[in-house]
Amino acid sequence: MAIQRVLTHPEPRLREKARPVEAINQNILTLLDDMAETMYAYQGVGLAATQIGVPLRVVVVDYSTDRSGLHCLINPEILAEEGTQEHEEGCLSVPGYYDTVKRPAQMTLRYLDREGNQQEQVVEEGLAACYSHEIEHLNGILFVDHLSLLKQKRIKKRLEKQMETRD
Ligand code: GNR
Ligand code: NI
């Protein structure tokens, strides 16, 4: 198991559309372990494989306060969305920025778990916002894409500057 580096915006690999996992083999199980370890190390509530440079449709989420509620989602699909909510979010790939984004209030998801069993789950409130955020990563979308163009420009500029001045 190993902690991976999380890519930060602007980075072209964050914009790629991830492809479905074809078979759950040891590589995928190791990827899930690395993603969970990375998410916990960075204290995130979720992580998409895209964020560590792996273009596969794999997501980990732990929305519990005691960090004991790990969910592993392979090839997640949104079957239904209901209502909207405004949610304050951040992203490990956009460090230091938090803003409010409109998300579905409730979603029905279908995915494969670690064992390859098909699962269906209804999620709402913060958890729905989190899954929506993660599934967007798999499609090359970042939460800042929902903000005004002016905000997007400022965020990109500041992150580019941070990158230049990093050791
Ligand atoms: O750690 C994270 N917090 C968060 C808060 C509200 C909505 C979504 C998130 S996801 C984010 C981790 C991350 O960047 N996942 O892709
Ligand atoms: Ni994110």
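Since we're looking at a predicted model, the values are computed, not measured.

A. Broad picture of the coordination of the nickel ion (ligand 2). Coordination of the nickel ion (ligand 2) by the protein comes from Cys91 (SG), His133 (NE2) and His137 (NE2), over a distance range of 2.1 to 2.4 Å. Written as a sequence motif, the donor residues of the nickel ion (ligand 2) are C-x41-H-x3-H. Here cysteine 91, found in the loop between strand 4 (85-89) and strand 5 (99-103), pairs with histidine 133, found in helix 2 (residues 125-138); they are 42 residues apart in sequence, far enough to count as distant. Accessibility expressed as a relative area gives 10% for cysteine 91, which makes it buried. Taking the relative accessible area as the measure of exposure, histidine 133 reaches 8% and is therefore buried.

B. Just the environment of leucine 138, in detail. Structurally, leucine 138 is set in helix 2. Residue classification places leucine 138 among the buried positions, given a relative accessible area of 0%. Considered as a pair, leucine 138 and asparagine 75 are 63 residues apart in the sequence and their alpha carbons are 9.5 Å apart. Not counting residues within four places of it along the chain, the set of residues in contact with leucine 138 comprises Glu16, Lys17, Ala18, Ala48, Ala49, Thr50, Leu56, Arg57, Val58, Val59 and Pro76.

C. Focus on the site of ligand 1. Neighbouring residues of ligand 1: 13 residues in total, closest Gly46, Gln51, Leu92, Glu134 and His137. A total of 370 Å² of accessible area belongs to ligand 1 in isolation, and the protein chains cover 90% of it. Comparing atom positions with the cavity grids shows ligand 1 to sit within the largest pocket. Contributions of two or more residues to the shell around ligand 1 are made by strand 4 and helix 2. Each residue belonging to the shell around ligand 1 can be placed in one class, and the counts come to three nonpolar, seven polar and three charged.

D. Representation of the sheet that holds strand 2 (residues 58-62) in the model. Taken in spatial order, the five strands of this open sheet run 1-2-3-6-7, and their pairing is antiparallel. The outermost strands of the open sheet, each flanked by one partner alone, are strand 1 (46-48) and strand 7 (118-124). Going across the sheet, the axis of each strand differs from the next one's by a mean of 40 degrees, ignoring polarity. Here strand 2 runs beside strand 3 (residues 70-82); their pairing, made up of five bridges, is antiparallel. Residue valine 60 lies in a different strand from strand 3, and its bridge partner there is cysteine 72. Strands in contact with helix 2 are strand 1, strand 2, strand 3, strand 6 (106-112) and strand 7; relative to strand 7, the strand with the most contacts, it is inclined by about 125 degrees.

E. The arrangement of the pattern of salt bridges in detail. The tally for this structure, following the rule as stated, stands at seven salt bridges. The salt bridge partner of arginine 15 is aspartate 145, with a shortest N-O separation of 2.8 Å. With arginine 15 in the segment before helix 1 (26-41) and aspartate 145 in the loop between helix 2 and helix 3 (149-164), the pair connects residues that are 130 residues apart, well separated along the chain. In this structure, arginine 114 engages aspartate 33 in a salt bridge whose closest nitrogen and oxygen atoms are separated by 3.0 Å.

F. The arrangement of the pairing of strand 5 in detail. Burial of the side chains of strand 5 is restricted to one face: Asp99, Val101 and Arg103 are buried, whereas none of Thr100 and Lys102 on the reverse face is. Bridging between strand 4 and strand 5 involves five bridges; their strand directions are antiparallel. Residue glutamine 85 lies in a different strand from strand 5, and its bridge partner there is arginine 103.

The rules we used
- Residues numbered from 1 in each chain as written.
- Chains lettered and ligands numbered in written order.
- Predicted model: local features only at pLDDT ≥ 70, side-chain atom pairs only at ≥ 80, totals over all residues.
- Heavy atoms only, no water.
- Donors = N, O, S within 2.8 Å, 3.2 Å for Na, K, Ca; no water.
- Helix = DSSP H or I, 4+ residues; strand = E, 2+ residues; numbered from the N terminus.
- Buried < 20%, exposed > 50% of the residue type's maximum accessible area, 1.4 Å probe, protein only.
- Contact = heavy atoms within 4.5 Å.
- Near = heavy atom within 4 Å.
- Areas by Shrake-Rupley, 256 points an atom, 1.4 Å probe, with all protein chains shown as cover.
- 1 Å grid on protein atoms, 1.4 Å probe; cavity = no way out; pocket = protein on both sides within 12 Å on 5 of 7 lines; lining within 4 Å.
- Sits in = over half its atoms within 2 Å of the grid points.
- Nonpolar A, V, L, I, M, F, W, Y, C, P; charged D, E, K, R; others polar.
- Pairing = 2+ DSSP bridges.
- Axes fitted to C-alpha atoms, helices over the stretch in contact; angles between N-to-C directions.
- Salt bridge = Lys/Arg side-chain N within 4 Å of Asp/Glu carboxyl O.

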